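# Chains, contacts and geometry: an overview
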Amino acid sequence: MKYNHLGVYGIVIKDNKILLIKKVGGPYDGKLDLPGGTIEFGERPIETLKRELKEEVGIDVKKYELLDCDSVSFDWEYNKEKVMVHHIGIFYKVIDYDNDIKKEIEIDEKNDDSLGAEFYDINKLNKSELSEIAILILNNINML
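Structural notes, computed from the coordinates. As the structure is a prediction and not an experimental result, all values here were calculated from the model.

Taken as a whole, the largest pocket holds about 560 Å³ of empty space. If you go around the largest pocket, you meet 30 residues; those closest to its centre are His-5, Lys-23, Thr-38, Asp-112 and Asp-113. Looking at the lining of the largest pocket, the elements that each hand over two or more residues are strand E1 (2–11), strand E5 (36–38), helix H1 (45–57), strand E6 (60–78) and strand E7 (81–98). Split into classes, the residues belonging to the lining of the largest pocket amount to ten nonpolar, eight polar and twelve charged.

Our next topic: the pattern of salt bridges. Scanning all chains against the criterion turns up nine salt bridges. A salt bridge links Asp-60 to Lys-54; the nearest nitrogen and oxygen atoms lie 3.4 Å apart. One salt-bridge network, held together by shared partners, links Glu-40, Glu-43, Arg-51, Glu-52 and Glu-55.

Moving on, we get to the environment of Asn-142. Following the sequence through the fold, Asn-142 ends up in the segment after helix H2 (132–140). The class for Asn-142 is exposed, based on a relative accessible area of 66%. Once the C-alpha coordinates of Asn-142 and Arg-51 are considered, the two residues, 91 residues apart in sequence, prove to be 27 Å apart.

This part is about the packing of aromatic side chains. Evaluated as defined, the whole model comprises four aromatic pairs. Residues Tyr-9 and Phe-91 carry aromatic rings whose centres are separated by 5.9 Å and whose planes lie at 35° to one another, so their mutual orientation is tilted. Remark: Phe-91 occurs in strand E7 and Tyr-9 occurs in strand E1; sequence separation between them is 82 residues. The burial state of Tyr-9 is the same as that of Phe-91; both residues are buried. Seen from their ring centres, Tyr-64 and Tyr-92 are 5.8 Å apart, and the 85° between their planes marks the pair as edge-to-face. With a gap of 28 residues between them, Tyr-64 in strand E6 and Tyr-92 in strand E7 connect regions that are remote in the sequence.

Let's shift gears to the nonpolar core. If you look at the biggest cluster of nonpolar residues, it comprises 22 residues, and the most contacted ones within it are Ile-18, Leu-20, Leu-34, Phe-91, Leu-125, Leu-130 and Ile-133. Those elements that provide at least two residues to this core are E1, strand E3 (17–23), E6, E7 and H2. The element contributing the most residues to this core is H2, with six residues. In this structure, Ile-18 is in contact with Ile-11, Val-12, Ile-13, Leu-34, Glu-118, Phe-119, Tyr-120, Ile-122, Leu-125 and Leu-138, ignoring residues within four places of it in sequence.

Cut-off values and rules
Residues numbered from 1 in each chain as written. Predicted model: local features only at pLDDT ≥ 70, side-chain atom pairs only at ≥ 80, totals over all residues. Heavy atoms only, no water. 1 Å grid on protein atoms, 1.4 Å probe; cavity = no way out; pocket = protein on both sides within 12 Å on 5 of 7 lines; lining within 4 Å. Points joined across faces, edges and corners; volume = space filled by probe spheres on them. Helix = DSSP H or I, 4+ residues; strand = E, 2+ residues; numbered from the N terminus. Nonpolar A, V, L, I, M, F, W, Y, C, P; charged D, E, K, R; others polar. Salt bridge = Lys/Arg side-chain N within 4 Å of Asp/Glu carboxyl O. Buried < 20%, exposed > 50% of the residue type's maximum accessible area, 1.4 Å probe, protein only. Phe/Tyr/Trp six-rings, centres within 6.5 Å; stacked < 30°, edge-to-face > 60°. Core = buried A, V, L, I, M, F, W, Y, C linked by side-chain atoms within 4.5 Å. Contact = heavy atoms within 4.5 Å.

Take it as geometry only, folks, not as evidence of what the structure does.
What follows is the structure in structure tokens.
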């Protein structure tokens, strides 16, 4: 089975710390991931960025710039079946935002995969605790 996923992700870095969500469900279950997610039908990528960061971490994106677009492929076991995942990401650097980061968020119809977010020291991150897409972008911007 093959699965393509296109998502939009926000890169928020302050004082050598990066904002990551605690992922629940899907191929990144239990890992730290970039805040963001799937583009809905008819939605522009920047609209996705703003919606997803509001849903997953509680912030309103005010200033941003396009950072990168890249993809990663990996195998995932789902219901005892091997799934070949091709995860494509559009990445934005979030320069300014309103509201505080929500460290804990309830799972509901708007947010189905984030348990909240916090800033993590980039120098202390272990690749084994990160999603493949987070590893990819951190390598691309020479942070890992």
